[in-house]
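Residues per chain, in single letters:
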Amino acid sequence: MKKPASPRKRASIPVEEVPHKTKKVFVLDTSVILYDHSAVEHFGEHDVAIPITVLEELDNFKKGNDIKNFEAREFIRYIDELSNEHMLQTWIPLVGSNKGRFKVLMSHGSPLDAEKIFNDNKADHKILNATLLLQHEMPDYKVALVTKDINLRLKARALNLAAEDYETGKIQNVTNLYRGNDLVENIPQTVISQLYDEGVCPIEEAMPNPPSDNHYFILRSTKSSALAYYNPAERVLERVDKQVAVGIKPRNAEQTFALHAILHPDIKLVTIQGVAGTGKTLLALAGALEQREQYNQIYLARPIVPLGNRDLGFLPGDANSKIGPYMEPLWDNLKFIQNQFPDHSKESNRIKQMVEDDRLVITPLAYIRGRSLSNIIFIVDEAQNLTPHEIKTIISRAGENTKIIFTGDIYQIDTPYLDTQSNGLSYLIDKVKNHPLYAHITLQRGERSELANLANELL
């Protein structure tokens, strides 16, 4: 029986040990692979290597349901396929035009011993030694360590070794990240009047160039102002009125925009970015509950960032008791909404019944892979603690009649290998802006309390 062809067609290039035309070699550490299992493919014509220590560390991550476990498994499969025809100790040509070569660094002995210098034989120091040895063996190449671990980059530079962050999927300028809404002054009074009289106004009468799809505006003339939204299907500005969702009323223009996007039937993907106390999660949950008759279920989730680097498996109890403490902020918002109504009122009992009937479900993100989520609203809180690949995985689970809302603060990241530029929320905002299915709002004004505003502004 003929053996089926491999899905990756191997280029018929001989394995070389002589210097290659490229003059750069990038050494990847474990954090890069767990962030992006396809990282090896993203260095163009340059060569890429990983120390054997990285494979040993990945072996500890291959079991589990988290995205990092998936990344570890996918990379191990990739390396297995890559080495079908070659030994990993030699330079293997990567598939594709203008691609470099790949190799596993088997030795970590180096003339400059990081384990002795830092007085510890931890895996990071073995990775440093492997990179230092490669630099010693290949003096004609520029050798650089690529890692998401800031401290490891600092140690590498202390050893006079080039080190850099993994740039793929990273936003270059966060200060210019899409905000989703603007204040526009000196709008003709006729535009404001038309918005109030007719509810809509052709975009050409308000501004010379059409804005991004589903963009929001505070429009001001010399006499009055109006809140508006650009409808890309009709190419018109529509007036935005304050809406109330299960007793929750927006307190400022940005919150009004956010709730409008959440309630709009044609907007299937919403991101809300803002500091603590701006009402992100509360608005998302209130808007979802207001639409409870249009969807079968409401899912609420947030990434679990264990304290003290302790995995959930080391905590006592079943899955629900383990995730309980991490999900308390979601329950707090649900209780706040319930408190808008008297005890045992029809509205309060309806929310309780939704929880009992599993129509309102709070779940960890680890269980989302492989599912198809149809006819639901899915709220993902603290999305800044997700990688771009995790964001993609969640959105790719969406079935028919599904709406996904991501909330978070890109300046408050609890995951050690993410920052304001590389986290999934920033990536999503930057990549999906100006799409008719998508809307984004940046909340700037805190509404939790005067004391919470004091903390955000002065501390």
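Our subject in this report is the structure included herewith. (Residues numbered from 1 in each chain as written. Predicted model: local features only at pLDDT ≥ 70, side-chain atom pairs only at ≥ 80, totals over all residues. Heavy atoms only, no water.)

### Topic: the sheet that holds strand 3 (residues 92–93)
Here six strands make up an open sheet; going across it, the order is 3-4-2-1-5-6 and the pairing mixed. Two strands close off the open sheet at either side, each with one partner strand: strand 3 and strand 6 (162–164). Two elements, strand 5 (residues 142–146) and strand 6, share three bridges in a ladder whose sense is parallel. Looking at the pairing, alanine 144 lines up with alanine 162 of strand 6. With respect to the sheet, helix 5 (residues 123–137) is in contact with strand 1 (24–28), strand 2 (47–51), strand 4 (101–105) and strand 5, its orientation differing from that of strand 5 by roughly 165°. Its contacts with the sheet place helix 6 (residues 150–158) against strand 5 and strand 6, and it is angled at close to 165° to strand 6. (Pairing = 2+ DSSP bridges. Helix = DSSP H or I, 4+ residues; strand = E, 2+ residues; numbered from the N terminus. Contact = heavy atoms within 4.5 Å. Axes fitted to C-alpha atoms, helices over the stretch in contact; angles between N-to-C directions.)

### Focus: the packing of aromatic side chains
According to the stated counting rule, one finds seven aromatic pairs in the structure shown. Taken together, Phe26, Tyr35, Phe43 and Tyr166 form an aromatic cluster joined through their ring pairs. Taking the ring centre of tyrosine 35 as reference, the NZ or CZ of lysine 148 above it sits at 4.4 Å. (Phe/Tyr/Trp six-rings, centres within 6.5 Å; stacked < 30°, edge-to-face > 60°. Lys NZ or Arg CZ within 6 Å of the ring centre and 35° of its normal.)

### Thoughts on the packing of helix 2 (residues 52–59) against helix 5
Closest axis-to-axis distance for the helix 2/helix 5 pair is 8 Å, and the angle between their directions is 150°. In terms of axis orientation, helix 2 runs roughly antiparallel to helix 5. Taken together, the residues of helix 5 that come into contact with helix 2 (itself represented by Thr53, Val54 and Glu57) are Ala123, Lys126 and Ile127. When grouped by side-chain class, the residues that make up the contact of helix 2 with helix 5 number three nonpolar, one polar and two charged. (Parallel < 35°, antiparallel > 145°, perpendicular 65-115°, else oblique. Nonpolar A, V, L, I, M, F, W, Y, C, P; charged D, E, K, R; others polar.)

### A closer look at unusual backbone geometry
Positive phi, normally seen in glycine, also occurs at asparagine 98, with a value near 55°. When its relative accessible area of 59% is taken as the criterion, asparagine 98 is described as exposed. Here the phi dihedral of asparagine 119 falls at roughly 55°; this positive angle occurs in a residue that is not glycine. Note on asparagine 119: relative accessible area 71%, which makes it exposed. (Buried < 20%, exposed > 50% of the residue type's maximum accessible area, 1.4 Å probe, protein only.)

### Quick word on helix 14 (residues 424–432)
Regarding helix 14, the residues found buried are Gly424, Leu425, Ser426, Leu428 and Ile429. In this fold, the buried residues of helix 14 make contact with strand 12 (269–274), helix 13 (388–395), strand 16 (403–408) and strand 17 (438–443). Measuring from the side-chain oxygen of the N-cap residue of helix 14 to the backbone nitrogen of leucine 425 gives 3.0 Å; that N-cap residue is asparagine 423. (Polar contact = N/O pair within 3.5 Å; in protein donor to acceptor, adjacent residues only side chain to side chain.)

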